[in-house]
Amino acid sequence: MNCTHRTTPTVTFSLSSSHPNPKTLFRLFRTQIPAKNRQNPRLYLSVKKISFVIRASLHDSSNKNNNKVGDWVSRLPTGAFAADNVFRLISTATASPIYQFIASPSTFLHSVDPRIKLVWLLVLVVLPARSHIVMRVGLVLYTTLLSIWILPKRVWMDQLGRVFLLSGILFIMLGLGSDGVPSLVQSRTPPPAISGLPNLPVSLGGYSYSIMKLGPLQFTRKGLSVASTAACLTFTLFQSASLCLATTTPEQLAFALRWFMLPLTYIGVPVAEIVLTLLLSLRFINLVFDEVRNVALGIVSRRINWKQLTMLESIDIFASYIRQIFKNIFSHAEQISQAMIVRGFRGDSNTHKIYSLSDSSVGIADFVSLLCLVTIVGAALLSDRFLV
Amino acid sequence: MNLSSLVRPSTLALLPPLHSTLPSRIDVTENAAAIECSNLNYSITTRLHRSVPILKECSLSVPSGQLWMLLGPNGCGKSTLLKILAGLLKPTNGTVFVKRPKSYVFQNPDHQVVMPTVEADVAFGLGKLNLPRDEVKTRVSKALDAVGMSKYLQRPVQTLSGGQKQRVAIAGALAEACKVLLLDELTTFLDESDQLGVIKAVKSSLGNSGEVTALWVTHRLEELEYADGACYMENGKIVMHGDGASIMDFIKTQQSSYTNQINS
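Everything quoted here is computed from the prediction, not taken from an experiment.

**Student:** Would you mind going over the overall build of chain B in detail, with residue names and values included?
**Tutor:** If you tally the helices and strands in chain B, you get seven helices and ten strands. Each of the 264 residues in chain B was classed as buried or not, and the buried ones make up 53%. Considering only residue pairs separated by 6 or more positions, chain B has 73% of its internal contacts joining residues 24 or more positions apart.

This is the structure:
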């Protein structure tokens with residue numbers, strides 16, 4: 001697209017019934033000015049005005065080098081293209097949107113008992129929310145280093161990039177948003193001038209509540225606290241879960257969960273059913289995403305001319321897409337239930353044993369892991385007491 | 001090869017009457033039947049309360065320790081017959097005998113594999129037997145070894161290819177040490193090398209034990225050379241059973257007659 005502007009002498013006439021648009025501009029040709037007006041120089045000067053005529057064109061052959069920039073109009077998501085793009089996006093999505101177990105290379109974290117990993121997960125959720133900012137940043141650094149050490153390079157680069165981006169956005173938004181905008185509600189506390197009390201003394205140690213100002217927004221200590229808590233919590237939550245899932249099989253996780261839940265069987269909680277349901281869900285979730293992707297791929301491959309469809313017809317295709325997904329998923333569920341029956345499952349999770357064949361003997365990795373856990377919890381407690 | 005494109009229902013009128021040739025490698029006196037059904041009928045009732053016959057007077061006998069194949073065009077009732085033999089469907093009438101324990105492997109491995117990780121899935125069928133952990137581990141290891149998947153013990157199932165999933169499904173059946181394997185079009189989704197790998201895995205499991213019997217539903221004629229015997233179905237009936245070579249000849253005759261019919 002090319003925009004040009006040039007200065008052209010024009011005259012603006014007063015609004016009349018024949019020209020309802022007051023912005024209509026007419027080029028001024030001096031020859032068209034009536035002769036009697038020409039003779040009057042004052043009138044001539046009064047009608048002469050300078051205006052801009054702006055012309056815009058989509059295709060500009062003189063500026064071929066800027067085609068990428070100039071073609072932005074065609075990239076605007078119109079109805080037809082939007083529907084096509086949505087299906088294309090779904091059809092190219094991964095079938096494993098959640099993190100999955102990476103069997104090789106086997107690291108020391110693979111050999112850590114899954115129960116210890118679950119305790120670690122709990123600690124990494126609680127600590128960033130409750131400890132000092134130094135401790136929070138330390139936990140983020142610790143999780144980052146552990147990810148770099150444990151995960152394959154392409155995996156940690158991808159994961160850390162995304163999680164850092166998410167945490168960064170959260171940090172900025174909450175840091176500037178939580179306390180940045182002055183409150184609209186007036187404080188009910190009378191100012192010191194009325195109450196006769198002296199103003200609060202300025203901190204001798206250089207303390208300032210406001211850390212930074214960005215135009216109308218300000219970054220305060222409250223903002224820093226809220227933002228760092230939320231960002232660190234998000235980071236540790238995502239990354240520790242990713243590390244745990246990457247180094248633990250779903251069965252190991254389910255069995256660790258069962259171990260912690262076993263006491264609940266005494267109050268009638270169906271622990272065996274919960275564990276089996278969890279395992280089936282972990283298997284089934286990939287089938288669901290496969291179906292979502294495959295049905296979208298089927299629609300894309302039909303090469304539907306979305307431009308010719310009305311809005312209702314497009315909605316109808318989306319509705320049939322959703323219907324087909326559900327139909328296929330229920331068919332899968334039926335077949336899997338038949339397979340379970342054929343393979344000897346009779347509906348009682350307590351009598352049908354689910355085996356986890358991974359070795360679960362306590363080793364050095366477990367001791368080291370527990371030691372690190374105790375150290376970090378201790379450091380968090382000490383940081384609360386000694387760091388202000 | 002998809003037989004449905006070559007052998008049409010319209011050719012049924014040209015078929016010879018039901019007959020049987022005894023497979024050359026079978027000694028009937030030594031091998032009792034592991035799978036047997038006679039005069040089996042199965043029909044479904046539509047919403048308009050109309051009875052639609054799916055299987056008509058099917059009779060079949062598979063001797064113990066052999067691999068038999070069941071062929072026929074699409075929709076002729078092969079999978080239905082197999083599901084009845086597996087106990088998933090109840091026949092309308094007729095008699096069925098299948099040695100126990102038996103195992104059924106689905107056409108689509110995604111329907112068969114129920115656990116998220118390979119070793120857990122292979123061990124799933126053993127859950128009913130209440131075996132010691134070491135025994136389970138040995139069985140799983142042997143079964144995966146038999147199908148060439150011993151290196152994939154802890155692999156998540158969704159990261160496997162179609163052929164690998166199919167092998168895991170077969171390993172699950174083998175781990176149960178079943179007497180009878182009912183296999184429904186195992187090689188449909190597989191390429192040539194995976195197809196050969198799966199057939200050899202089944203054959204080796206039969207050869208190792210000597211007591212395992214397998215009934216394999218297939219569309220692929222080239223798989224017949226691995227079979228000890230075969231049946232050919234059409235329109236819900238078993239129209240022929242015998243050794244692999246005779247069934248192959250029979251199908252080729254059908255194909256040529258159908259081709260001649262088109263060309264004339």
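Next comes the rest of the description.
**Student:** I'd like to hear about helix α5 (residues 162-175) of chain B, residue by residue, with values.
**Tutor:** Counted at 1.5 Å a residue, the expected span for α5 of chain B with its 14 residues is 20 Å, and the 20 Å between its end C-alpha atoms agrees. Burial analysis of α5 of chain B places 13 of its 14 residues in the buried class, the great majority of the element.

**Student:** Break down a nonpolar patch on the surface for me, citing the residues and quoting the values.
**Tutor:** All names here are of chain A. Residues Leu122, Val125, Val126, Leu166, Leu237 and Phe238 make up a contiguous nonpolar surface patch of about 490 Å² in total accessible area. Looking at which element gives the most residues to the nonpolar patch, the answer is helix α7 (residues 114-130), with three residues. Position of Phe238 among the secondary structure elements: in helix α11 (residues 221-247). For Phe238, a relative accessible area of 38% gives the class partly exposed.

**Student:** Account for the packing of aromatic side chains, with residues named and values stated.
**Tutor:** All names here are of chain A. Inspection of the entire model under this criterion finds eleven aromatic pairs over all chains. Aromatic pair Phe87 and Trp306: ring centres 5.6 Å apart, planes at 20 degrees, arrangement stacked. One end of the pair, Phe87, is in helix α5 (residues 79-91); the other, Trp306, is in the loop between α13 (271-301) and α14 (311-342), with 219 residues separating them in the sequence. The same class applies to Phe87 and to Trp306, which are both buried. Pairing Phe87 with Phe318 gives two aromatic rings, centres 4.6 Å apart and planes at 25 degrees, and the pair type is stacked.

**Student:** Break down the nonpolar core for me, citing the residues and quoting the values.
**Tutor:** Residues and elements named next belong to chain B. Core analysis: the largest hydrophobic core is formed by 49 residues, its most contacted members being Leu71, Val122, Val202 and Trp216. Top element by residues in this core is α5. It accounts for seven residues. Ignoring anything within four residues of it in the chain, the contact list for Trp216 reads Leu67, Trp68, Met69, Leu70, Leu183, Leu186, Thr187, Val198, Ile199, Val202 and Glu223. Counting residues in each nonpolar core, the second largest holds 30 residues, with Leu60, Cys76, Leu81 and Ile238 among its members.

**Student:** Explain the confidence of the model for chain B residue by residue, including any values.
**Tutor:** Residue and element names in this part refer to chain B. Taken over all residues, the pLDDT of chain B has a mean of 81, while the share at 70 or more is 88%. Every residue in residues 1-30 scores below 50 in pLDDT, and together they form 67 contacts with partners more than four places removed in sequence or on other chains. Scoring the predicted complex yields pTM 0.69 and, for the interface, ipTM 0.76.

Cut-off values and rules
Residues numbered from 1 in each chain as written. Chains lettered and ligands numbered in written order. Predicted model: local features only at pLDDT ≥ 70, side-chain atom pairs only at ≥ 80, totals over all residues. Heavy atoms only, no water. Helix = DSSP H or I, 4+ residues; strand = E, 2+ residues; numbered from the N terminus. Buried < 20%, exposed > 50% of the residue type's maximum accessible area, 1.4 Å probe, protein only. Contact = heavy atoms within 4.5 Å. Expected span 1.5 Å × (residues − 1). Patch = residues over 30% accessible without salt bridge, like charges linked within 9 Å, V, L, I, M, F, W, Y side chains within 5 Å. Areas by Shrake-Rupley, 256 points an atom, 1.4 Å probe, with all protein chains shown as cover. Salt bridge = Lys/Arg side-chain N within 4 Å of Asp/Glu carboxyl O. Phe/Tyr/Trp six-rings, centres within 6.5 Å; stacked < 30°, edge-to-face > 60°. Core = buried A, V, L, I, M, F, W, Y, C linked by side-chain atoms within 4.5 Å. pLDDT = per-residue confidence, 0-100.

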